Amino acid sequence: MNLTRLTPVLAAGLLATALPVLSAPPASAAQESAASQTAEYAPQKPQWHRCSPEQPAAYECATLKVPLDYRRPQGRAIDLAISRIRSGNPAKRHGAMLFNPGGPGGSGLDLPLMFDASMPKDVREQYDLIGFDPRGVGSSSPVTCGLTDAEQNIDRPYKEETFAADVEWARTVAEKCREKSGQVLPFITTRNTARDMDAIRAALGEKKISYVGYSYGTYLGAVYSQMFPSRTDRFVLDSGVDPQRAWRGMLQVWATEAEPAFARWTQWTAERSGEFGLGDTPAAVSKTFWDLVARADREPIEFEGQKLTGDMIRTARALFFYPAQAAPVVKALKDAADGRPGAPLSAEQRRLLKPAAEPATDNGTAVFLSVLCGDVEWPRYPEQYAREAARDKVRYPLYGDFASNIKPCAYWQRPVEPVTQMKTRANLLTVQNEWDSQTPLASGQGLHGALKGSRMVLAMGGEGHGVYLFDGASCANAPVNDYLASGRLPAADVTCRTAPGGGERRAELVPSSPQRFPGGRPDRF
């Protein structure tokens, strides 16, 4: 498979008693009415055109109009940008396949280009490949909160003396979002995006759709399978979000699961003490790291053109899911602290230490917050966040306080409808790496367990966020291809073994993008 042919990617909540509250129907009634709400809205036939003179002629784009609020199908409409590359073999065509790259807030409009280049022929020729920018993202009536770069940073360490400033930040972000896009953001939710997917299905004239979704896209696919079970065809949910953890719990699982990853790294690094000089036992390696954190908190370390504090080093928790990447980085940090020149870092090591900056717009962050804060109810009292952040800083010292500290969702408008219950059987395939920093194994297992009838392909030893086609050497690719080609799920869950190093292989295959590809940002799904 050759992903290098993929063209560059488009740059792709809070005490709220004073906010207006929309009442929500009971969960069961909301679930049962999902299909009927969408059925009341019949989207127009897509007017396809070549996306760009610089792109292949087979890559076509169109724009649909969909309701902002599906409860009012004749009310305000928004744009939904879609794309396609049709099957080249009509005789073998099975149907249409949609994609989502994660985020929430990631653009998926050009994903057909990637999958057209990377899918094996016997899978590729069965599908029209359909991309789309989810509502509020990119070319689909993009939203904004008018946030500064500093306001977009959700990684805030808990300290008693700075917590008041954290509360003010969370309140300010929520207020700015409400002032800038308050009429739209309550409807930028996973359930409405699932309805948009069904509107795409109807516009294409398909009875069912197939789907490949990564990270946040697994939750989107799971929600679709519950809202529209009779229209769910071959679904692959790769790098799973646990529905029971949506959404605060998904931030907190970053903290809990970073600890075993860190322990694994200390063992790996101790076994290579002659190469890295960070300690010859796991305890010694751990001490070297934490001494470095304390040292950086006293006096920031000049490194790679920036001054790193200990808190900033702790935010790189994703690094420790890749021992072969983490050890050289920590050694280079120690060399810098000691005033010694160190070996230059690779691009992948820089990304894991410090993610690429957001594009100039805050579009991705606005959608990220809208979904996380609008899908589910969050705690409303700052005291709870302070108490739990202080507790988790002790329990999970690498990232616990960051994960449990207050977020803008504490001040967000209450959700307009209940969270989706995973009650309906879903005969689909989930895929998971053992060492995934963004949707850790515990999360992927939670998704599989929540979806009765699903099967799971688990790549033991696999490193990285995003498995299918993102690691060309992954043992998971074959069973996924078999399912997509035949429609037959494995008779039982599949556990296989993949050699570590998925992060390095991904860096070679997939262009860097802060918003689109799984694993592109350590503070996204």
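Every value quoted in this text rests on a predicted model; they were computed, and no experiment measured them.

Conventions we followed
Residues numbered from 1 in each chain as written. Predicted model: local features only at pLDDT ≥ 70, side-chain atom pairs only at ≥ 80, totals over all residues. Heavy atoms only, no water. Helix = DSSP H or I, 4+ residues; strand = E, 2+ residues; numbered from the N terminus. Buried < 20%, exposed > 50% of the residue type's maximum accessible area, 1.4 Å probe, protein only. Areas by Shrake-Rupley, 256 points an atom, 1.4 Å probe, with all protein chains shown as cover. Pairing = 2+ DSSP bridges. Core = buried A, V, L, I, M, F, W, Y, C linked by side-chain atoms within 4.5 Å. Salt bridge = Lys/Arg side-chain N within 4 Å of Asp/Glu carboxyl O. Contact = heavy atoms within 4.5 Å.

How should I be thinking about the overall build of the protein in this particular structure?
A tally of helices and strands in the protein yields 19 helices and 12 strands. Relative to its full complement of 525 residues, the protein shows a buried share of 61%. Total accessible area on the protein stands at roughly 19600 Å², and carbon and sulfur atoms take up 52% of it.

Is there a simple way to think about the sheet that holds strand S6 (residues 209–214) in this case?
Backbone-to-backbone hydrogen bonds join strands into a sheet, with any given pair of strands oriented parallel or antiparallel. Overall, mixed pairing links the 10 strands, which are arranged S1-S2-S3-S5-S4-S6-S7-S10-S11-S12 in an open sheet. Two strands lie at the open edges of the sheet, namely strand S1 (49–50) and strand S12 (494–497), each paired on one side alone. Pairing of strand S2 (residues 60–67) with strand S3 (residues 77–85) involves 8 bridges; the strand directions are antiparallel. The residue bridging Leu-64 from the neighbouring strand is Leu-80, located in S3.

Quick question: what am I supposed to make of the pairing of S6 here?
On a regular strand, each side chain points to the face opposite its neighbour's, so the side chains alternate between the two faces of the sheet. Burial runs high along S6: 6 of the 6 residues are buried. Side chains Ile-209, Tyr-211 and Gly-213 project from S6 onto one buried face, and the interleaved Ser-210, Val-212 and Tyr-214 project onto a second face that is buried too. One ladder, built from 4 bridges, connects strand S4 (residues 95–100) with S6; its direction is parallel. Of the residues in S6, the one forming a bridge with Phe-99 is Val-212. Across 5 bridges, S6 lies against strand S7 (residues 232–238) in parallel orientation. Residue pairing across strands places Tyr-214 opposite Asp-238, the latter belonging to S7.

Would you take a moment to explain the nonpolar core for this structure?
Membership of the largest hydrophobic core comes to 105 residues, with the highest contact counts inside it found for Phe-115, Met-119, Trp-247, Leu-484 and Phe-525. Ala-258, Trp-265, Phe-276 and Val-285 belong to the second largest nonpolar core, which has 26 residues in total.

Looking at this structure, I do not really get unusual backbone geometry. What am I missing?
That bond from Gly-103 to Pro-104 is cis: its omega, -15°, falls within 30 degrees of zero. Here the residue pair Ala-246 and Trp-247 is connected by a cis peptide bond, since its omega of -10° sits within 30 degrees of zero. Its location among the elements puts Trp-247 in the loop between S7 and helix H8 (248–270). You will see that Ser-215, though not glycine, has its phi angle at about 60°, which is positive. Residue placement: Ser-215 occurs in the loop between S6 and helix H7 (216–227). On the accessibility criterion, Ser-215 (0% relative accessible area) is buried.

Sorry if this is basic, but what is going on with the pattern of salt bridges here?
Side chains that carry opposite charge are capable of pairing whenever their charged atoms lie near each other. Per the stated rule, a full pass over the model turns up 36 salt bridges. Residue Arg-231 is joined to Asp-198 by a salt bridge in which the shortest nitrogen-to-oxygen separation is 2.4 Å. Of the two residues, Arg-231 sits in the loop between H7 and S7 while Asp-198 sits in helix H6 (residues 190–204), which places them 33 residues apart along the sequence. Side by side, Arg-231 and Asp-198 carry an identical accessibility label, which is buried. Note that Arg-380 is salt-bridged to Glu-377, the shortest N-O span being 2.9 Å. Through salt bridges with shared partners, a single network forms among Arg-295, Lys-331, Lys-334, Asp-335, Asp-338 and Arg-340.

Looking at this structure, I do not really get the environment of Asp-128. What am I missing?
The residue Asp-128 is located in strand S5 (residues 127–132) in this model. Overall, Asp-128 belongs to the buried group, its relative accessible area being 11%. Along the sequence, Asp-128 and Pro-90 sit 38 residues apart, while their C-alpha atoms lie 9.7 Å from each other. Excluding residues that lie within four positions of it along the chain, Asp-128 makes contacts with Ile-85, Arg-86, Ser-87, Arg-93, Gly-95, Ala-96 and Met-97.

Please explain the side chain of Asp-401 as it appears in this structure.
Within the secondary structure layout, Asp-401 lies in helix H16 (residues 400–404). Other than its neighbours up to four places away in sequence, Asp-401 contacts Arg-156, Pro-157, Tyr-158, Arg-314, Ala-389, Asp-392 and Lys-393.

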